[in-house]
Amino acid sequence: KRGDFKLLGEAISLVGEGALKKAFELLRKKLEQEGLFDPALKRPIPAYPQRVGLITSRGAAAYSDFIKVINARWGGMQIYFYPASVQGESAVEEILKAFDYFNTAAPSLDALVLTRGGGSLEDLAAFNAEPVARAVRASKWPVICAVGHERDESLAEFAADLRASTPSN
């Protein structure tokens, strides 16, 4: 009926979301110190863009939401779509290929949109990868980044010219 329990620890290590959050903050600070997120670098987005590049997964809800909202609000806009995985092992590489395509082979654009729906920190890992944040900032076209939900933040969004709180916005 009575007993004692004792636990002795020699080290505590962050795992899971704690480790990801720490890595995110360290990389955010590094890129911020380099000036990658400097507001002075932000380019204006045209009020009525006519030619827009879209990077997301074809099967993502963000894709159908984006197309539906654009057609309902404006219509007649030319959308150039480059499909890319937005989660998983190949996501970073595919997003980088999409940026390369739009910056070298695509027709002239008014803006480029990088989007996906919400998810956990693990789900959004591609948008917190240093090469993706650098590709967003280095894009020859102004970039709108709409990743996750309003509470989600990604390094790609900090680097973008404009952050939209959700893919629909």
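Residues numbered from 1 in each chain as written. Predicted model: local features only at pLDDT ≥ 70, side-chain atom pairs only at ≥ 80, totals over all residues. Heavy atoms only, no water.

(A) Broad picture of the packing of aromatic side chains. Per the stated rule, a full pass over the model turns up 5 aromatic pairs. When the ring of Tyr63 is compared with that of Phe81, the centres are 4.7 Å apart and the planes differ by 50 degrees; the resulting orientation is tilted. Of this pair, Tyr63 sits in helix α2 (residues 61-73) while Phe81 sits in strand β2 (residues 78-83), and the two are 18 residues apart along the sequence. Ring plane angle 65 degrees and centroid distance 5.2 Å describe the contact between Tyr101 and Phe102, whose orientation is recorded as edge-to-face. (Phe/Tyr/Trp six-rings, centres within 6.5 Å; stacked < 30°, edge-to-face > 60°. Helix = DSSP H or I, 4+ residues; strand = E, 2+ residues; numbered from the N terminus.)

(B) Fine view of the layout of surface pockets. Of the volumes computed, that of the largest pocket is approximately 340 Å³. Secondary-structure elements contributing two or more residues to the lining of the largest pocket are α2, β3 (111-116), β4 (143-147) and β5 (162-163). Sort the elements by how many residues they give to the lining of the largest pocket and α2 lands first, with 5 residues. Residues that form the lining of the largest pocket fall into these classes: 17 nonpolar, 4 polar and 3 charged. (1 Å grid on protein atoms, 1.4 Å probe; cavity = no way out; pocket = protein on both sides within 12 Å on 5 of 7 lines; lining within 4 Å. Points joined across faces, edges and corners; volume = space filled by probe spheres on them. Nonpolar A, V, L, I, M, F, W, Y, C, P; charged D, E, K, R; others polar.)

(C) Focus on the side chain of Arg137. Tracing the chain through its elements places Arg137 in helix α4 (residues 130-138). Ignoring anything within four residues of it in the chain, the contact list for Arg137 reads Leu36, Leu41, Lys42, Arg43, Ala159, Ala160 and Asp161. (Contact = heavy atoms within 4.5 Å.)

(D) Local environment of the nonpolar core. If you look at the biggest cluster of nonpolar residues, it comprises 33 residues, and the most contacted ones within it are Ile55, Ile95, Phe99, Leu112, Leu114, Phe127 and Val136. If you list the elements that add at least two residues to this core, you get α1 (17-34), α3 (91-104), β3, α4, β4 and α5 (155-159). Take this core: its biggest share by element is 5 residues, from α3. Excluding residues that lie within four positions of it along the chain, Phe99 makes contacts with Ile55, Leu112, Leu114, Ala135, Val136, Ser139 and Val143. With 10 residues, the next largest nonpolar core counts Met77, Ile144, Ala146 and Ala164 among its residues. (Core = buried A, V, L, I, M, F, W, Y, C linked by side-chain atoms within 4.5 Å. Buried < 20%, exposed > 50% of the residue type's maximum accessible area, 1.4 Å probe, protein only.)

Everything listed here is a matter of geometry and, on its own, says nothing about what the molecule does.
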